[in-house]
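A look at the structure
This is what each chain is made of:
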Amino acid sequence: MRIAVEGCMHGDLDNVYATIKQLEREENTKIDLLICCGDFQAVRNEKDLESLNVPAKYKQMNTFWKYYSGQAVAPLPTIFIGGNHEASNYLWELYYGGWAAPNIYFLGFAGVVKYGNVRIGGLSGIYNAHHYHLGHFERPPYSESDIRSVYHVREYDVQKLMKVKEPIDIFLSHDWPLGITDCGDCAALVRKKPFFKKEIQDRTLGSKAAAELLENLKPSYWFSAHLHCKFSALVQHGEDGPVTKFLALDKCLPGRNFLQVVDTESEPGPFEIEYDEEWLAITKAFNPLFPTIARRTYFGNVELDIEKSRQWVRSRLQEKGAKAFEFLTTAPCRGPSQSATNGHSVEHYRNPQTESLLTLLDLPYLLDDRKDSRASNVSPLPPISSGPVPENNEDIPIDDIDELEEVRAASEDEPEDE
């Protein structure tokens, strides 16, 4: 199986797909799958731009809306995770994963699927210590604070992934695992990006959560993006353990290293994206613990009967099959020249795919539960007695390094008063 890996999409689907088509023609080959490592920007209409955390000058429709509307069709199956520049309201509809557009599949805030016999897992968002132990308290319409925290990785989702026992072939994260620079050519990276040096020395460049998952899951491949540069590494797990091939890629711009093709062993095609039995069992077992508050929660002593859930899930998949539920539109789609008004003011849609998956797993819908998400009396987990966590104001570092790079680039190319 030939898989194209792309770094940060930034809504530029047309150019990425065109690059793949050109590569197929030049090398007389066929790419079976595209996977994207975040900042996908699945913007359906101008309303979605309100949930996209970027400077105003970067709030653009770009090209995803054409694929959502059916005006264009993805030429090959595409799997993506979220980053820190996303239409967060839309991805929240698909928290558990699902089709964001025909032939374009979102892995969810955390997820594992199968493509043929290749097992692909991923973690959306970026790590921020101030929000890591909190619940998913943000709900659309997002406040100025919530729009900058909704994409921060939560321990709940990481703990679900830590329960995965069966081998993972490919894993995706937006930001790099902390310490990954120790396993590659760090000196060359610093020559290319000298402002990384201090963070590497301070052990702050990267995600602690991703580093824990890398150590636990030991996938064959790990792909990331976020820092807008290409970097490769080999991670040896123990003296005689397996090796993970790590690769980070750039964003889609001319002359940048944003695309790489890898070959992996697989059964003969055709292939399709299917639910993963073990992951659905973990999802079902963890769902009663779903935290919805801005209070710290912990999972260290939680014991769950995942095997019992797996037996239950297996019986349901035998009845339904493992194929993912079909794509259906929710929000209206508008191109960049059309108005986003016309009476449509719904802030959150219940996505039929999410409802169907929860029905399959016999689970309640919790994504629009607005029971005072900042209160302390609705958590199914014991709170830590350290008091409430402060709001995500300007005193809390956001660590959106790729956004800082955009600012640097803009300052070099434009007058200072812009």
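In case you missed it, the structure is sitting above this.
These remarks concern the structure in this document. It should be emphasised that the depicted structure is a prediction, and the values quoted were computed from it without experimental measurement.

Each helix and strand counted, the protein chain has eleven helices and 13 strands in total. In the protein chain, of all internal contacts separated by at least 6 residues, the share reaching a separation of at least 24 is 78%. Only carbon and sulfur atoms are counted for the fraction: they give 48% of the accessible area of the protein chain, which is about 18100 Å².

In this structure the tally under the stated criterion is 26 aromatic pairs. Centre to centre, the rings of phenylalanine 171 and tryptophan 222 are 4.5 Å apart; their planes meet at 40°, and the pair counts as tilted. Of this pair, phenylalanine 171 sits in strand β8 (residues 170–173) while tryptophan 222 sits in strand β9 (residues 221–224), placing them 51 residues apart in sequence. Of the two residues, phenylalanine 171 and tryptophan 222, both sit in the buried class.

With that settled, the discussion passes to the environment of isoleucine 170. Tracing the sequence through the fold places isoleucine 170 in strand β8. When the C-alpha atoms of isoleucine 170 and threonine 244 are compared, they prove to be 9.4 Å apart, with 74 residues separating the residues in sequence. Among residues more than four places away in sequence, those in contact with isoleucine 170 are Ile3, Ile35, Val118, Arg119, Ile120, Gly121, Tyr221 and Phe223.

Unfilled space is identified by rolling a water-sized probe across the atoms. Considering all chains together, one arrives at four cavities of 30 Å³ or more under this definition. Roughly 90 Å³ of internal volume is contained in the largest cavity. A class-by-class count of the residues in the lining of the largest cavity yields five nonpolar, five polar and one charged. Its boundaries defined by the atoms lining it, the second largest cavity holds a volume of some 50 Å³. Contributing to the lining of the second largest cavity are Tyr96, Tyr105, Leu107, Ala110, Gly111, Val112, Val113, Tyr275, Trp279, Leu280 and Leu357. Looking at the lining of the second largest cavity, the elements with two or more residues in it are β6 (110–115) and α8 (277–286). It is β6 that contributes the most residues to the lining of the second largest cavity, four residues altogether. When the residues that make up the lining of the second largest cavity are grouped by side-chain class, the tally is ten nonpolar, one polar and no charged.

Right, let's get into the sheet that holds strand β4 (residues 98–101). Pairing within the open sheet is mixed, and its six strands lie in the order β4-β5-β3-β2-β1-β12. For this open sheet the edge positions go to β4 and β12 (259–263), each flanked by a neighbour on one side alone. Along the sheet, successive strands turn relative to each other by an average axial angle of 30°, direction set aside. For strand β1 (residues 2–6) and β12, the ladder comprises five bridges, and the chain directions are antiparallel. Bridging across to β12, isoleucine 3 finds its partner in valine 262.

Turning our attention to the sheet that holds β8. The mixed open sheet is built from seven strands, whose spatial order is β10-β11-β9-β8-β7-β6-β13. Because the sheet does not close on itself, it has two edges, and the strands there are β10 (231–236) and β13 (273–275). Looking at each pair of strands side by side, their axes are set apart by 25° on average, direction ignored. Pairing between β10 and strand β11 (residues 243–248): six bridges, direction antiparallel. Across the sheet, residue alanine 233 finds its bridge partner in β11, namely phenylalanine 246.

Calculation notes
- All residue numbers refer to position in the chain's written sequence, counted from 1.
- Since the coordinates come from a predicted model, pLDDT governs what is reported: local features require at least 70, and pairs of side-chain atoms require 80 or more to be given and counted, while whole-chain, interface and lining totals use all residues.
- The side-chain quantities take in all heavy atoms of the structure and omit both hydrogens and water.
- In this text, helices come from DSSP runs of H or I with a minimum length of four residues, and strands from runs of E with a minimum of two, each type numbered from the N-terminal end.
- The contact rule is simple, with two residues in contact once any of their heavy atoms fall within 4.5 Å.
- Per-residue and other accessible areas follow the Shrake-Rupley method at a 1.4 Å probe size, with only the shown protein chains counted as cover for residues.
- Only centres within 6.5 Å qualify two rings of Phe, Tyr or Trp (six-membered ring in Trp) as a pair; their planes then separate them into stacked at under 30 degrees, edge-to-face at over 60, and tilted for everything else.
- Exposed residues in this analysis have more than 50% of their type's maximum accessible area, buried residues have under 20%, and partly exposed residues fall in between, with area computed by a 1.4 Å probe over protein chains only.
- A cavity here means a set of 1 Å grid points, computed over protein atoms only, where a 1.4 Å probe fits but cannot escape. A pocket is an open set with protein on both sides within 12 Å along at least 5 of 7 lines, and lining residues have an atom within 4 Å of a point.
- Grid points are joined across faces, edges and corners, and a volume is the space filled by probe spheres set on the points.
- Under the scheme applied, nonpolar residues are Ala, Val, Leu, Ile, Met, Phe, Trp, Tyr, Cys and Pro; charged residues are Asp, Glu, Lys and Arg; polar residues are all the others, including Gly.
- DSSP calls a pair of strands paired once it identifies at least 2 bridges connecting them.
- Angles shown run from 0 to 180 degrees and are taken between the N-to-C directions of axes, each axis being a line fitted to C-alpha atoms and, for helices, limited to the stretch in contact.

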